[in-house]
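Each chain, written out:
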Amino acid sequence: MSNPEVFPIPEHVADNANIDLASYEALYRLSIDDPEGFWKEEAKSIDWIQPFKIVKETNFNPVNPTIRWFADGTLNASVNCIDRHLTAKANKPAIYWQGDAPQESRTVTWGELADQINRFANVLKDLGVQKGDVVTIYLPVIPEVIVAMMACVRIGAIHSVVFSGFSAEALANRINDAGAKILITADEGRRGGRVVPLKRNADAAVEHQPTITDVVVIRRTGASVPFTMGRDHWFDELITQANPWCEPAVIGAEDPLFILYTSGSTGKPKGLVHTTGGYLVHTGTSWRNIFNWHEGDVFWCTADVGWVTAHTYKIYGPLLNGATSVLFEGIPTWPDTSRWWSIIEQYKVNIFYTAPTAIRSLMREGEAPVRQHDLSSLRILGSVGEPINPEAWHWYHRVVGGGRCPIVDTYWQTETGAVLLVPLPGAIPNKPGYAAKPYFGIRPVLTNSQGTVLEGQAEGNMCFADSWPAQARTILHDHERFVRTYFSQFPGYFFTGDGASRDHEGYYRISGRVDDVINVSGHRLGTVELESAISSHPAVAEAAVVGYPHEIKGQGVFAFVTLKATVEENEALRHEIVNLVRSRIGPIASPDQIQWAPALPKNRAGKILRRILTRVAANEFENFGDTSTVADPAVIDEIVRRRRQSSHHTVAL
Ligand code: 7RM
């Protein structure tokens, strides 16, 4: 990328910046020179039961890394998120909820939240949930998600939120891996005018799950759903009978707070484990700084509750700061394409945080739907989930932000728990497409493929040299995989799986994944996971999945599929494969393109050469690099021939 335009910090942001350039520079220096001193100060943002004495015990040893923060302190997350705001805010709004249909809305005060959380925490206890037990939450974006998460952490139970767009099978795998005791779901959800059959999926998922003793069902639509006596309970009936006070449990800073599954380079999703003290310190303070939040602001993050973005910066971040936020159950294009803009106008949203894929799809609708609404309340815009392309950046900035709002492009991961790179809005001028500069305490490093650290302007693997408090501590039941995946490749560093470049001013730009993970609309999908779903079709001999450039989604799913010798290629089979992926993983994983491949390009050891397939999928037919290892070059010619042919007419699935 040649020198991008630089957008100076707008005056209205500079004037009341929580962090300005001078304080960014001073605090960043301090956070690197004296991380213990820096984070000790930041930890004052949390109410501790037993204050910690030890701040940081960390090292990135490649075989035995240690990540412990504030380890001898104790605290309770729900007290920090809820109780301490009650004196000042019991009757003030914590949440403005809007349902899928515009006429459905609720305002929930801090006092009401607290009441529900305490009651539900007692319900969980009565159902036998104890400290350290896992509770799986499979819910649409409704206030009860927050009630359920906070009720868990009040008693020291570990929540595992599963995206409500995942299929019954994907839910079952996550329940099973975690050994969850309780499942919390709803009768149905609503999205874009359609019903999401949550209870039906939940029933199918728990059928063969011996660890689930009870299912709590929230009445969202009031539909009549099958009920298993003894196992299933209505949420509203349980909480009206429950005691309205639950003594918060005393939790160690290094006790787990939640697990969250994400896809990796193998077929099995990873349950990343986050712990309590460090996560809350880094989340609460960084949320306030990233969004330059001030008392009275209305914040809206559009992420679904099943992703880490929602955990950290839609739920925990605002709650820790006593901030009012919007929760929206629906989609940006229903009932019409100005839905988001009408919500911003209605609630006078000041800070808006979304993903590039959504911006691109709304950009396609033109400026008129935005112009119909008064968005003058907006002050700060945020972006997350994937690299934002300059066209989308400029549109977001000019049309949505009216040219006056900085865009905080936040780079982080499920594994990192909270932000690593970000242009803090009062301190760092924007360059479109750049996640810019390290957050406090973060030490970015670029390495080449040999592991050599690159200095100055460079392009390489995005690594980090020291720990930060919100970092995941392990993968549930698979610490060895945790160590191998993140610490072994570049000894002494945490490796993110992303590629990045650094410019002459030290600004970072993330280019995307360099491993077998693709990023579809900001959702991480493992290619191996997709391949095993496709290969489970009886007609399929073998499949290779790669990402390819997709106008709206960022990356689309491209599947090269080899059928069994006895099977004829046919259209019906394409649809069967798509449906199979939808039912095994979920609609977000649906292949965008399927190309039949009589054979897949492999090296002599039989390893599929994805590098070549990635180029073919992107319609790049030259420069396959070194093809000397290819066992049978004719295989590539045939794949290229078919790709050229199919690119002439789009294969609609
Ligand atoms: C927060 C989140 C993580 C992956 C990560 C990157 C990509 C996320 C940005 C980004 C460029 C960004 N967690 N990614 N944010 N790429 N710029 N600002 O998305 O675990 O679901 O995904 O997403 O590839 O490794 S995640």
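Presented here is a report on the structure given in the accompanying data block. (Residues numbered from 1 in each chain as written. Predicted model: local features only at pLDDT ≥ 70, side-chain atom pairs only at ≥ 80, totals over all residues. Heavy atoms only, no water.)

Below, the discussion takes up the overall build of the protein chain. Secondary structure assignment for the protein chain yields 21 helices and 31 strands. Against the globule reference of 26 Å for 653 residues, the protein chain gives a C-alpha radius of gyration of 24 Å, in line with a compact fold. Taken along the three principal axes of its C-alpha coordinates, the protein chain extends 75 × 60 × 55 Å. Here the protein chain holds 653 residues, and 61% of them are scored as buried. Counted over contacts in the protein chain with a minimum sequence separation of 6, partners at least 24 positions apart contribute 72%. Carbon and sulfur atoms make up 50% of the accessible area of the protein chain, which totals about 24500 Å². Placing the 61 positive and 72 negative side-chain charges of the protein chain at their respective mean positions leaves the two points 1 Å apart. (Helix = DSSP H or I, 4+ residues; strand = E, 2+ residues; numbered from the N terminus. Rg over C-alpha atoms; globule rule 2.2 N^0.38 Å. Buried < 20%, exposed > 50% of the residue type's maximum accessible area, 1.4 Å probe, protein only. Contact = heavy atoms within 4.5 Å. Areas by Shrake-Rupley, 256 points an atom, 1.4 Å probe, with all protein chains shown as cover. Lys, Arg positive; Asp, Glu negative; His and termini not counted. Charge placed at Lys NZ, Arg CZ, Asp CG, Glu CD.)

Here we come to the pattern of salt bridges. Tallied over the full model, the rule gives 43 salt bridges. As a salt-bridge pair, lysine 131 and aspartate 255 come within 3.1 Å of each other at their nearest N and O atoms. Of the two residues, lysine 131 is situated in the loop between α6 (110-126) and β6 (134-138) and aspartate 255 in the loop between β13 (251-252) and β14 (256-262); the sequence distance between them amounts to 124 residues. On the basis of relative accessibility, which here comes to 48%, the residue lysine 131 falls in the partly exposed class. A salt bridge links aspartate 466 to arginine 443; the nearest nitrogen and oxygen atoms lie 4.0 Å apart. (Salt bridge = Lys/Arg side-chain N within 4 Å of Asp/Glu carboxyl O.)

Moving on, we come to the pairing of strand β31 (residues 593-596). Residues in a regular strand project their side chains so that they alternate between the two faces of the sheet. Burial along β31 is two-sided: the residues Gln593 and Gln595 and Ile594 and Trp596 are all buried. Pairing analysis gives four bridges linking strand β30 (residues 554-563) to β31, with the strands arranged parallel. Each residue of the ladder has a partner; that of phenylalanine 558, found in β31, is glutamine 593. The β-α-β motif built from β30, the intervening helix α19 (residues 571-584) and the parallel element β31 has right-handed crossover chirality. (Pairing = 2+ DSSP bridges. Right-handed = clockwise from strand over helix to strand, strands pointing away.)

Grouped together as the largest cluster of nonpolar side chains are 171 residues, with contacts concentrated most on Phe70, Leu113, Phe120, Ile184, Phe291, Tyr316 and Val561. Examining the composition of this core, we find that nine residues originate from one element, helix α7 (residues 143-154), more than from any other. Beyond its immediate chain neighbours, meaning those up to four positions away, isoleucine 184 contacts Phe120, Leu124, Val135, Thr136, Ile137, Tyr138, Leu139, Ala148, Val216 and Ile218. By size, the runner-up hydrophobic cluster in this structure holds 29 residues, among which are Trp340, Ile359, Trp393 and Ile407. (Core = buried A, V, L, I, M, F, W, Y, C linked by side-chain atoms within 4.5 Å.)

On to the environment of glycine 252. Tracing the backbone through its elements, the reader meets glycine 252 in strand β13. Glycine 252 has contacts with Gly73, Thr74, Leu75 and Thr276, leaving out every residue within four places of it along the chain.

With that settled, consider the site of the ligand. Contacts to the ligand come from 17 residues, most closely from Asp409, Thr410, Thr414, Asp498 and Arg513. Note that an oxygen atom of the ligand is positioned 2.5 Å from one of the side-chain N or O atoms of aspartate 498. Only α12 (308-321) and β26 (508-513) provide two or more residues apiece to the shell around the ligand. (Near = heavy atom within 4 Å. Polar contact = N/O pair within 3.5 Å; in protein donor to acceptor, adjacent residues only side chain to side chain.)

Strand order in the open sheet made by the five strands is β22-β21-β23-β25-β26, with antiparallel pairing throughout. In this open sheet, the two strands that pair with only one neighbour each are β22 (453-454) and β26. Across five bridges, strand β25 (residues 494-502) lies against β26 in antiparallel orientation. Looking at β26, one finds that glycine 499 is bridged to glycine 512.

When two helices pack together, their arrangement is captured by the angle between the axes and the distance separating the axes. Where α7 contacts α12, the axes come no closer than 12 Å and their chain directions differ by 70 degrees. By the angle between their directions, the pair α7 and α12 is classed as roughly perpendicular. Here the hand of the crossing between α7 and α12 comes out right-handed. Taken together, the residues of α12 that come into contact with α7 (itself represented by Ile146, Met149, Met150 and Val153) are His311, Ile315, Tyr316 and Leu319. (Axes fitted to C-alpha atoms, helices over the stretch in contact; angles between N-to-C directions. Parallel < 35°, antiparallel > 145°, perpendicular 65-115°, else oblique. Left-handed = near helix turned anticlockwise from the far one by under 90°.)

The subject of this paragraph is the side chain of threonine 324. As for its placement among the helices and strands, threonine 324 is situated in strand β17 (residues 324-328). Reaching out from threonine 324, the side chain makes a polar contact with the backbone oxygen of proline 93 at a distance of 2.9 Å. Among all residues touching threonine 324, those that are not within four sequence positions of it are Pro93, Ala94, Tyr96, Asp297, Val298 and Phe299.

So, about helix α9 (residues 198-206). When you tally the buried positions in α9, you get seven out of nine residues, the bulk of the element. Among all positions of α9, only Leu198, Lys199, Asn201, Ala202, Asp203, Ala205 and Val206 are buried.

Of all five residues in strand β8 (residues 182-186), five are buried; the element is thus mostly enclosed. Residue alternation in β8 divides its side chains into two sets, Ile182, Ile184 and Ala186 and Leu183 and Thr185, and both sets are buried. With four bridges joining them, β6 and β8 adopt parallel strand pairing. For threonine 136, the partnering residue across the bridge sits in β8 and is leucine 183. For β8 and strand β11 (residues 214-218), the ladder comprises five bridges, and the chain directions are parallel. The partner of isoleucine 182 across the bridge, within β11, is aspartate 214.

Okay, the sheet that holds β11 next. Think of a sheet as strands paired side by side through backbone hydrogen bonds, with each pair either parallel or antiparallel. Read from one edge to the other, the open sheet built from eight strands follows the order β12-β11-β8-β6-β7-β14-β15-β24, with strand pairing classed as mixed. Since the sheet does not close on itself, it has two edges, and those belong to β12 (232-234) and β24 (474-475), each with one partner. Taken strand by strand, α12 contacts β7 (158-161) and β14, and its axis lies near 140 degrees from that of β14.

This part takes up the packing of aromatic side chains. All chains considered together, the criterion is met by 46 aromatic pairs. Note on tyrosine 313 and tyrosine 353: the rings are 6.4 Å apart at their centroids and 70 degrees apart in plane angle, and the pair reads as edge-to-face. Of this pair, tyrosine 313 sits in helix α12 while tyrosine 353 sits in strand β18 (residues 351-354), and the two are 40 residues apart along the sequence. Neither tyrosine 313 nor tyrosine 353 differs from the other in exposure class; each is buried. On the numbers, 6.2 Å between centres and 75 degrees between planes, the contact of tyrosine 434 with tyrosine 507 is edge-to-face. Taken together, the residues span a long stretch of sequence, with tyrosine 434 in the loop between β20 (407-409) and β21 (444-447) and tyrosine 507 in the loop between β25 and β26 at a distance of 73 residues. Connected via pairs of aromatic rings, a cluster forms that spans Tyr24, Tyr28, Phe38, Trp39, Trp48, Phe52, Trp69, Phe70, Tyr439 and Phe440. (Phe/Tyr/Trp six-rings, centres within 6.5 Å; stacked < 30°, edge-to-face > 60°.)

Interpretation note: all reported values are geometric properties and have no functional meaning in isolation.
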